[in-house]
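One letter stands for each residue in the lines below.
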Amino acid sequence: MNQLLIKKREDMSETRVAKVVFPNTTNHYDTLFGGIALQWMDEVAYIAATRFARKQVVTISTEKVNFNKPIPTGILVELVARVVKVGRTSLKVEVNIYLEQLHSDKVEKAITGHFNFVAVGEDKCPTPIFSDA
């Protein structure tokens, strides 16, 4: 497999999405629901995986999601996804969520997780990410 192509695709696939945490996404502690955070992370990971593979991909698993800091209502979050490992039919995407105060320059990492995807063909079966040609 061409390492230059993989590096180029990794760089092209980096995906950043910014969101504001509104009250309808928070729990009784006024912090973001963990399930909402996971949904957002899976969505941005899917975009990065698709940008890398340029094929249909599906989430097959998540790995060790670390919720290091609570995410309060009213804060800006940036989700950053990047492909970090590539197999024949699968790939791993790392997603980080950063907290950004709306009225300051303070930014800190709150959540890190890994999402695994597999490329699928029209038959919904695994297919190679790169053609053998």
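Everything in this summary refers to the structure shown in the same document.

Rules behind the numbers
Residues numbered from 1 in each chain as written. Predicted model: local features only at pLDDT ≥ 70, side-chain atom pairs only at ≥ 80, totals over all residues. Heavy atoms only, no water. Pairing = 2+ DSSP bridges. Helix = DSSP H or I, 4+ residues; strand = E, 2+ residues; numbered from the N terminus. Axes fitted to C-alpha atoms, helices over the stretch in contact; angles between N-to-C directions. Contact = heavy atoms within 4.5 Å. Salt bridge = Lys/Arg side-chain N within 4 Å of Asp/Glu carboxyl O. Buried < 20%, exposed > 50% of the residue type's maximum accessible area, 1.4 Å probe, protein only.

1. Here we look at the sheet that holds strand β3 (residues 76-86)
Pairing is antiparallel in the open sheet, where 5 strands are placed in the order β1-β3-β4-β5-β2. Here the strands that pair on one side only, and so sit at the sheet edges, are β1 (15-20) and β2 (57-67). Mean inter-strand twist for the sheet, computed between neighbouring axes without regard to direction, equals 25°. Pairing of strand β4 (residues 90-100) with strand β5 (residues 107-119), which is carried by 11 bridges, proceeds in the antiparallel orientation. Paired with tyrosine 98 across the bridge in β5 is lysine 109. Packing of helix α2 (residues 34-53) onto the sheet brings it into contact with β1, β2, β3, β4 and β5, and relative to β5 it is tilted by some 55°.

2. A word on the pattern of salt bridges
Oppositely charged side chains are able to pair whenever their charged atoms sit close together. Tallying each qualifying case throughout the model produces 8 salt bridges. We note a salt bridge from glutamate 63 to lysine 92, for which the minimum N-O separation is 3.2 Å. A residue pair is termed long-range when its members are at least 10 positions apart, and glutamate 63 in strand β2 and lysine 92 in strand β4 qualify at 29 residues. The class for glutamate 63 is partly exposed, based on a relative accessible area of 30%. Taken together, the shared-partner salt bridges connect Lys7, Asp11, Glu14, Arg16, Glu78 and Arg82 into one network.

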